[in-house]
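One-letter residues, chain by chain:
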Amino acid sequence: MTERIQAADDLLLRWHELERHTERLKNDLIRMDTDIDLKKAESAYASLMRLYVMQLSLRAQAEDIIQTIPDYDPDYELASEIRILIALIEILFSPRFDITGKYGKSVAEAFRDSGIPLSRQLAFLVLAAFCELYLQHAKNKNAIFPLNEWLCFKSVCAQCLSDYLDCIDQICSVYDQHLSFSKDLASHEEITLALKELVKIGWERHQGLRIAKFLYQRAHGQETEEDERVLSEEVRNNLAKFNIRLKRRMKLTCITGFVSGYCTERGCPKRFVVQAEIRNQLRALEPAICPECGIAIIPEKIMTILKGELKE
C-alpha cells in the first residue's frame, strides 16, 4: 500500500505541474494580440496538444492507482475526464476576456484571421472530444455540451470540415488512443453517428440567437415567432425596462464588440464589464438587458448572424 500511495503522490505532483503550465499558456493566449505570426501559433497549438494529452494520460493512470487507495478520489484529486475535454475546447473556442473584462475573438478565430488554420492533429483531437461530449449529452441531458464552442469550431474549420469527416478512421483512432479512460467507450459506429449529428447542429439551436431575435423583432414592431418563455430569467426580469424604452421610442439595442465597455454609447452610467451577471450572459453569446436603463445589449457576433438570417 505504501508504494501505491507514493505512486499516487508522484502522479498528483505531475498533475499540479501540468496544471501550472496549462494555466500559464491559457493566460498568455488570453493576453495575446490578434496579429500572430506562424511560429507562435504553431507553438501554441503544439503546446496545447501536448498538455491536454498528458492530462488525459495522467487521468487514465489515476483510475488504476488512486481509486484503490482509501481516502483518495480521482475526481476530487484531479479534474474529471469530461472537465479536461471541456477545458481544451474552451481555451480554443470560447470568447476571450482581457483584464478589463472586454471580450474578443476566440484563440482559434484570432489565429484563423491571421491566416493560420487549426492544426489537423489538434482538430482530430477536438472532434474526438466533441463526439464524447455529444454522446454523454445524448445519454444524460444534464451533461454539458459546449454549443458555443462547437459552432465556433464549425466556423473556424468550415473549409476543412468535410475533409475531416472523410477521415473517420483517424478520428476513431485518436478517440481510442486518448479517450480510452471512458468506462463506456464508444464504438466506431457510435462515433460515426455522433459526427453526422454534430454536423447538423447549427445556430438555430442557439438560445442567445433566439433571444436576440425576440428582442430585435419587438424593437422593430414585428410579430415574433417566439413567446417570452424563450427568454432567460435575467432578460425576463428586466424586460419591463426594455418595454418602457419601446413606448418612449428611445434607442432599444446596442451592439457590444471588442471596444464597448458600456451598455450604451452615451447616457447610461453602467459598465457591463464590471457587472458579473451581464458579463456572463455576453460571454455565453446571449443578449442582456441593462438593469439601469433597459437597453438590450446584443453581442456583435449574435447580431451579425441575426441580420444575415433575417435577410434570407
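Quick note: structure is the one above.
Caption draft 1: Structural detail: the sheet that holds strand β3 (residues 253-256). In space, the 3 strands of this open sheet follow the order β3-β5-β4, with mixed pairing throughout. A strand with exactly one partner marks an edge of an open sheet, and here the two such strands are β3 and β4 (288-289). Bridging between β4 and strand β5 (residues 296-299) involves 2 bridges; their strand directions are antiparallel. Bridge pairing in β5 links A288 to I297.

Caption draft 2: Just the pairing of β5, in detail. Across the two faces of β5 the burial is the same, with A296 and I298 and I297 and P299 all buried. Two successive antiparallel strands, β4 and β5, enclose a turn made up of 6 residues, where G294 displays a positive phi of approximately 90°.

Caption draft 3: Focus on the layout of surface pockets. If you add up the space inside the largest pocket, you get close to 890 Å³. Forming the walls of the largest pocket are 36 residues, and the residues nearest its centre are R83, A87, E90, S94 and E149. Secondary-structure elements contributing two or more residues to the lining of the largest pocket are α1 (2-31), α2 (38-65), α4 (81-93), β1 (96-97), α6 (120-139), α7 (147-156) and α11 (207-219). A total of 7 residues in the lining of the largest pocket trace back to one element, the largest contributor, which is α1. Grouping the amino acids of the lining of the largest pocket by side-chain chemistry returns 18 nonpolar, 8 polar and 10 charged.

The rules behind each value
Every residue gets a number counted from 1 within its own chain, in the order that chain's sequence is written. Predicted model: local features are reported for residues with pLDDT of at least 70 only, side-chain atom pairs are reported and counted for 80 or more only, and whole-chain, interface and lining totals are derived from all residues. In computing side-chain values, all of the structure's heavy atoms are included and hydrogens and water are not. Strands pair, by our definition, only if DSSP identifies at least two bridges between them. A run of H or I in DSSP becomes a helix once it reaches four residues, and a run of E becomes a strand once it reaches two; helices and strands are each numbered from the N terminus. Burial here depends on accessible area, computed with a 1.4 Å probe over protein chains only, as a share of the maximum for the residue type. Under 20% is buried, over 50% is exposed, and the range in between is partly exposed. Any residue with an atom within 4 Å of a point lines the site, the site being either a cavity, points on a 1 Å grid over the protein atoms alone where a 1.4 Å probe fits but cannot get out, or a pocket, an open set with protein on both sides within 12 Å along at least 5 of 7 lines. Grid points are joined across faces, edges and corners, and a volume is the space filled by probe spheres set on the points. Any residue outside Ala, Val, Leu, Ile, Met, Phe, Trp, Tyr, Cys, Pro, Asp, Glu, Lys and Arg is labelled polar, Gly included; the first ten of those are nonpolar and the last four are charged.

The analysis is restricted to geometry; functional conclusions fall outside its scope.
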